[in-house]
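Take a look at the letters that make up each chain.
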Amino acid sequence: MTRATFTLALVLLLPAAGMLTPASAQTPSPAPDPALAAPAADFLEPQTPIARAIQAAMMPDLPEGLVNSYGTRAFAPLWFDRNGLSENAHLVIAAMAAANEHALNPSNYDPLGFIKRSETARSEEDWARFDIDLSHQFLRYATHLSSGRVQPNAINKALNLFPDRPDAQTLLETAEEAVDFSAFLEGLAPRSDNYARLKRRLSQFREKAANGGAFTPIPDGEVLKPGMSDPRVATLRERLVQEDIPGAGDHAGDIYDGALVEAMKTFQEYHGLETDGVIGKNTLARLNIPLQDKLIQMELNMERRRWMRDDLGAFYIFSNLADQNLKVVRDGKTIHTARVVVGKPYHATPVFSDRLEYVEINPFWNVPYSIATKEYLPKLKQNPAALSAKNIRVFQEGNEVAATQVAWNSYSGGNFPFRLRQDPGDGNALGRIKFMFPNRFNIYIHDTPSKTLFSRSERAFSHGCIRVSDPFALADVLLADSDAAPGHWLNVRDGRERTVVKPKVPIEVHLTYLTAWMNKDGSTHFRKDIYGRDKVLLEALRTAMTKNL
């Protein structure tokens, strides 16, 4: 990804005098080609040579909104007048030159080319093409900045996000009417604090790289535990200081103890590792990730943030699949957090948003067809009573059938006519409660009888659904508006009756995938790319930026 840095000082290169403006251009404007630029019935007729040149330069491959915007203003130029380039033109060229601050490639918008063209333009035709091209590049820049450089679902079908692309005509008209154009340009980027924080941290890490601040690698060696003496301690201390881990610089000596152990625990927390201070294989691998790789990881997540809405709702569940955690946010405050188990890499949980519709206590588990045929059918072929201990019943056309009376060897994944359903209870695969937001992926949040997995640092073990720790604490938070007494939902559970409860207020659900972010407290977090989605996104961005798609 290109990282050449441009600055706002670029606009100072624009000539103050000697630039041939439309007022002084002498070349006659060409007659418009009706086949290419015939104005629509509601377009205003151009009134000046420059306007006629702009009308003539309108090509069929230009965005319709761009053409409409010019047509409704009689094809008058947007970015210059008889005195030369407007202040807005200076500002938009400078913004495109500084696109790298947002992890976009400035050369995709050709800011240096526009400066050169402003110095060499001589005819109305030159200026007409300049104005149209600047409008076109502004639209591209604004679209990329506000909603992403690439379309998520086009590069990965597991990313069910469809960012709203700004309307070209509305964007150009809003830009022209903006009282404070600088503020308008700044407002094109996502307005969430999360985006702003990551942008700031990316800038800080880039400054480290520019100053030669590569992360010092830690040599291999035996597992380093608190209290041990090791020649790598000084290097370890230096490495943590390089990443601004609090407390690392307070340590001295070659014994791995005290402040350095606490700093290492902080590093482990920031990287989703077991926070035990022990430097084993996984922690050493994370310590030895180069600074350049972390820069790229932050850039990728800038793009992901551009795909997301600024406003996620007044009350919502937010689960970061890469982090394998869940939080509930209400009125801007996090009111609950929980560990979750997500899909295995080959059963990767998709990214999408929906709305919580109901909570079901003591649910049945309708076994998914793929699990029924791939996992349970082989067991039934060996022993028709294999599922009775799990309280799984067999149904055909709505009627229960005895599993021991079925000739299971006659069936396969291609002709399996049965539905398997597990009764409510402690052994139910969904546990004792599930949180439903019906969707085409059949993904939901639920309890589980397998509690031990929540103690692991990496928790990608499910078939795609999200298992949540302490689910009845989550129910208390999500159903707080029902005015139920403390412990009420646990009492419902113990009554063992299937019960469905709808939330009293709208609650949105956002399943996301973020591998780098910066928290409000200034801590910068990185997560392992468990689904390989960073690699796919990196390749897509490299292709888009190098080929200027």
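Residues numbered from 1 in each chain as written. Predicted model: local features only at pLDDT ≥ 70, side-chain atom pairs only at ≥ 80, totals over all residues. Heavy atoms only, no water.

### Thoughts on helix α16 (residues 471-478)
In step 1: Among the 8 residues in α16, 6 count as buried, and that is most of the element.
In step 2: When we look at burial in α16, the residues that qualify are Pro471, Phe472, Leu474, Ala475, Val477 and Leu478. (Buried < 20%, exposed > 50% of the residue type's maximum accessible area, 1.4 Å probe, protein only. Helix = DSSP H or I, 4+ residues; strand = E, 2+ residues; numbered from the N terminus.)

### Let's talk about the environment of Arg197
In step 1: Along the chain, the position of Arg197 falls in helix α10 (residues 193-210).
In step 2: For Arg197 and Met518, which are 321 residues apart along the polypeptide, the C-alpha to C-alpha distance reads 5.9 Å.
In step 3: Once residues within four sequence positions are removed from consideration, Arg197 is found in contact with Met518, Asn519 and Lys520. (Contact = heavy atoms within 4.5 Å.)

### What to know about unusual backbone geometry
In step 1: Its identity is not glycine, yet Phe75 carries a phi of approximately 60°, on the positive side.
In step 2: Its location among the elements puts Phe75 in the loop between α3 (64-71) and β1 (80-81).
In step 3: When its relative accessible area of 1% is taken as the criterion, Phe75 is described as buried.
In step 4: Although it is not a glycine, Arg496 adopts a positive phi angle of roughly 65°.
In step 5: Along the chain, the position of Arg496 falls in the loop between α17 (488-494) and β16 (499-501).

### Section: the pattern of salt bridges
In step 1: In the structure shown here, the tally under the stated rule is 24 salt bridges.
In step 2: In the salt-bridge network here, residues are joined through shared partners; they are Arg117, Arg129 and Asp133. (Salt bridge = Lys/Arg side-chain N within 4 Å of Asp/Glu carboxyl O.)

### Some remarks on the nonpolar core
In step 1: Of all hydrophobic cores here, the largest spans 127 residues; its most connected members are Phe138 and Phe435.
In step 2: Sorting elements by how many residues they give to this core places helix α6 (residues 124-147) first, with 10 residues.
In step 3: Among the nonpolar cores identified, the runner-up in size contains 17 residues, and Leu236, Ile245, Ile279 and Leu287 belong to it. (Core = buried A, V, L, I, M, F, W, Y, C linked by side-chain atoms within 4.5 Å.)

### Quick word on the packing of aromatic side chains
In step 1: Applying the stated criterion across every chain, the model contains 20 aromatic pairs.
In step 2: For the ring pair Phe114 and Phe130, a centre distance of 5.6 Å and an interplane angle of 90° mean the geometry is edge-to-face. Pair noted here: Phe114 is in helix α5 (residues 111-120) and Phe130 is in helix α6, with a separation of 16 residues, a long-range link. Comparing Phe114 with Phe130 shows no difference in burial state: the two are buried.
In step 3: Clustering of aromatic rings is evident, with ring pairs tying together Tyr369, Trp408, Tyr411, Phe416 and Phe418.
In step 4: The residue whose ring lies beneath Arg493 is Phe472, and the NZ or CZ to ring-centre distance is 5.4 Å.
In step 5: Across from the ring centre of Tyr513, 4.9 Å away, lies the NZ or CZ of Arg533, which sits over that ring. (Phe/Tyr/Trp six-rings, centres within 6.5 Å; stacked < 30°, edge-to-face > 60°. Lys NZ or Arg CZ within 6 Å of the ring centre and 35° of its normal.)

### A few points about the confidence of the model for the protein
In step 1: Confidence along the protein averages 91 in pLDDT terms, with 93% of residues attaining 70 or more.
In step 2: Confidence drops under pLDDT 50 across residues 1-41; counting only partners more than four residues distant or on other chains, this segment forms 75 contacts. (pLDDT = per-residue confidence, 0-100.)

### Here's the deal with the packing of α3 against helix α8 (residues 168-177)
In step 1: Contact pair α3 / α8: the axes reach a minimum separation of 7 Å and the direction vectors enclose 45°. For the element pair α3 / α8, the angle class is oblique. Contacts between α3 and α8 involve Gly65, Leu66, Asn68 and Ser69 from the former and Ala168, Gln169, Leu172 and Glu173 from the latter.
In step 2: Its residues placed into classes, the contact of α3 with α8 shows 3 nonpolar, 4 polar and 1 charged. (Axes fitted to C-alpha atoms, helices over the stretch in contact; angles between N-to-C directions. Parallel < 35°, antiparallel > 145°, perpendicular 65-115°, else oblique. Nonpolar A, V, L, I, M, F, W, Y, C, P; charged D, E, K, R; others polar.)

### Observations regarding empty space enclosed by the protein
In step 1: Taken as a whole, this structure holds 1 cavity of 30 Å³ or more when the rule is applied.
In step 2: Taken as a whole, the largest cavity spans an internal volume of roughly 30 Å³.
In step 3: Around the largest cavity sit Ile218, Leu224, Arg232, Leu236 and Ile279, which together line it.
In step 4: The residue inventory of the lining of the largest cavity, partitioned by class, reads 4 nonpolar, no polar and 1 charged. (1 Å grid on protein atoms, 1.4 Å probe; cavity = no way out; pocket = protein on both sides within 12 Å on 5 of 7 lines; lining within 4 Å. Points joined across faces, edges and corners; volume = space filled by probe spheres on them.)

### A few points about the sheet that holds strand β11 (residues 419-422)
In step 1: Taken together, 4 strands build an open sheet; the order of strands is β8-β11-β9-β10 and the sheet is antiparallel. Pairing within the sheet leaves two strands with one partner each, and these edge strands are β8 (365-366) and β10 (399-401).
In step 2: Summarising the sheet, strand β9 (residues 392-396) and β11 pair through 4 bridges and their orientation is antiparallel. From the neighbouring strand, Val394 faces β11, where its bridge partner is Leu420. (Pairing = 2+ DSSP bridges.)

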